[in-house]
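# Summary of structural features
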Amino acid sequence: MSMKNSRKYGLRLLATAAVAAVIAVTVMFTGEKAAATSAQSPVMWQTDVALGAPYQMRYVNQPDDYSGAVRSTIVRLTSDCAHGVGVLYVHGYNDYFFQDEMARQFTEHCYDFYAVDLRKYGRSIMPGQRKFEARDLREYFADIDSAVVQMQHDGINSIVLMGHSTGGLISAYYMASQPPQCIKALVLNSPFLDWNQSKFQEKFLIPVVDTFASLLPKVNISQGDDDTYARSLLKSMEGEWEYNTDWKLVHSPDVQTSWIKAIDYAQAVVQDFPGIKVPILLMHSDSTYRPGQGDPSRADAVLDVDDISHYGRRLGIDVDEFTVKGGLHDLMLSAPGVRTALYDSLFDWLSKLRLSR
């Protein structure tokens, strides 16, 4: 998430939440229900609509939520040399899976690669839906469960769960909540473990929004019009990459008060020494970009890397931290030389786990 670190934003946050009024109905789903639904649904694989062959995708219809029908999407790329080991990737906010190079790195290193486009994101967006809407991050557990069930059905018995940014927060939250035993490791790419806001906003304004969110879940909060991060990524601007800007917007859209409350609650859980039992690889850039300070093409322009380090080391009993010199917020989209060193370190770490094959 890219939210401006300013007093003006904080006052707008409080004022907007105080004056708007809507009616909320919150419906919660469990991972068990989603897994059962996935297992019972016909499996209909097709060529991936975003990356094309050899990628395959399938939709998973999930139980209706407060906005109506919802679905998740599983994308897979199989390896010629994998034997029962796979990676499940969870994208971030205002994002979807499009990182072809990353997937191929895994398959070349003998891991079957799977990704989930969460409900209301990317391939999973349905007509009339509000993109990226959520009222509790546990809603996404069903989407992860469905992908895990599919991977097990495909013969994968050792899974590495990998999450980026908000997907990293969701993945850590998931692993702190009775995860399936087939998940053997957690890889976090710049996880969103804390707000990148001023102390005043984090201690006072966000708790006020949390309070309002129960009664006013649909109040919109502007994230401003900063396009610094998008400019550092898009080939059409100053970056290297091409992706669908209808699914990963140049300007991050408004969020709702209910989304802020959902993030804040999940962060509180993972900050409180959740005791994740599997080995964790915590990865982040070596610097945080601030307007007018540093190079946004060689730093994290979204989150505070010191916060990532501080709270990431609390997540479990076996945490290895890797600081990526010159890394972007999505480390896998950094400059070529940065990525080469990153992948070397990542696969060296994974090899030491000796996952069953």
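See the structure printed just above.
Conventions used here
- Residues numbered from 1 in each chain as written.
- Predicted model: local features only at pLDDT ≥ 70, side-chain atom pairs only at ≥ 80, totals over all residues.
- Heavy atoms only, no water.
- Phe/Tyr/Trp six-rings, centres within 6.5 Å; stacked < 30°, edge-to-face > 60°.
- Helix = DSSP H or I, 4+ residues; strand = E, 2+ residues; numbered from the N terminus.
- Buried < 20%, exposed > 50% of the residue type's maximum accessible area, 1.4 Å probe, protein only.
- Lys NZ or Arg CZ within 6 Å of the ring centre and 35° of its normal.
- Axes fitted to C-alpha atoms, helices over the stretch in contact; angles between N-to-C directions.
- Parallel < 35°, antiparallel > 145°, perpendicular 65-115°, else oblique.
- Contact = heavy atoms within 4.5 Å.
- Nonpolar A, V, L, I, M, F, W, Y, C, P; charged D, E, K, R; others polar.
- Core = buried A, V, L, I, M, F, W, Y, C linked by side-chain atoms within 4.5 Å.
- Salt bridge = Lys/Arg side-chain N within 4 Å of Asp/Glu carboxyl O.
- Disulfide = S-S within 2.5 Å.

### Some words on the packing of aromatic side chains
What the rule picks out here adds up to 22 aromatic pairs. Relative to Phe 204, the ring of Phe 200 has its centre 5.6 Å away and its plane inclined at 40°; by these criteria the two rings are tilted. With Phe 200 and Phe 204 both in helix α6 (residues 199–213) and four residues apart, this pair spans about one turn of that helix. Residue class for Phe 200 comes out partly exposed when judged on its relative accessible area of 38%. Using a relative accessible area of 51% as the deciding quantity, one classes Phe 204 as exposed. Site record: aromatic cluster; members linked through ring pairs are Tyr 55, Tyr 89, Phe 97, Phe 106, Tyr 111, Phe 113, Tyr 343 and Phe 347. Positioned above the aromatic ring of Tyr 59 is the side chain of Arg 71, whose terminal nitrogen or guanidinium carbon lies 3.9 Å from the ring centre.

### Quick notes on the packing of helix α4 (residues 141–153) against helix α5 (residues 166–175)
Relative orientation of the contacting elements α4 and α5 amounts to 75°, with a least axis distance of 11 Å. It follows from the interaxial angle that α4 and α5 lie roughly perpendicular. From α4, Phe 141, Ile 144, Asp 145 and Val 148 reach across to α5, where they touch Ile 170, Tyr 173 and Tyr 174. Split into classes, the residues belonging to the contact of α4 with α5 amount to six nonpolar, no polar and one charged.

### Section: the nonpolar core
One finds Leu 88, Leu 137 and Trp 259 to be the most contacted residues of the largest nonpolar core, which totals 67 residues. In this structure, Val 87, Val 187, Met 283 and Tyr 343 belong to the second largest nonpolar core, which totals 31 residues.

### Notes on the pattern of salt bridges
Proximity of charged atoms lets side chains of opposite charge pair with each other. A complete count under the given rule lists 16 salt bridges for this structure. Its salt-bridge partner being Arg 104, residue Asp 100 comes within 2.7 Å of it at the nearest N-O pair. Placement of the pair is Asp 100 and Arg 104 together in helix α3 (residues 100–108), with a separation of four residues, close to one helical turn. Residue classification places Asp 100 among the partly exposed positions, given a relative accessible area of 27%. The class of Arg 104 is partly exposed, set by a relative accessible area of 32%. Connected via shared salt-bridge partners are Asp 48, Asp 117 and Arg 123.

### Looking at the state of the cysteines
For the structure shown, the criterion picks out one disulfide. Covalently, Cys 81 is tied to Cys 110 through a disulfide, its sulfur atoms 2.0 Å apart. Measuring handedness by torsion sign, the sulfur bridge of Cys 81 and Cys 110 sits at about -105° and is left-handed. Of this pair, Cys 81 sits in the loop between β3 (68–77) and β4 (85–90) while Cys 110 is found in the loop between α3 and β5 (112–117), placing the two residues 29 residues apart along the sequence.

### So, unusual backbone geometry
Along the chain, Ala 53 connects to Pro 54 via a cis peptide bond; the corresponding omega equals 5°. Mapped onto the elements, Pro 54 comes out in the loop between β1 (46–47) and β2 (56–65). A positive phi angle, close to 70°, is found at Lys 120, a residue other than glycine. With respect to the helices, strands and loops of the structure, Lys 120 is situated in the loop between β5 and α4. Of note, the phi angle at Arg 354 is positive, near 50°, even though the residue is not glycine. Looking at the element boundaries, Arg 354 is found in the segment after α10 (336–353).

So yeah, pure geometry; function would need other evidence.
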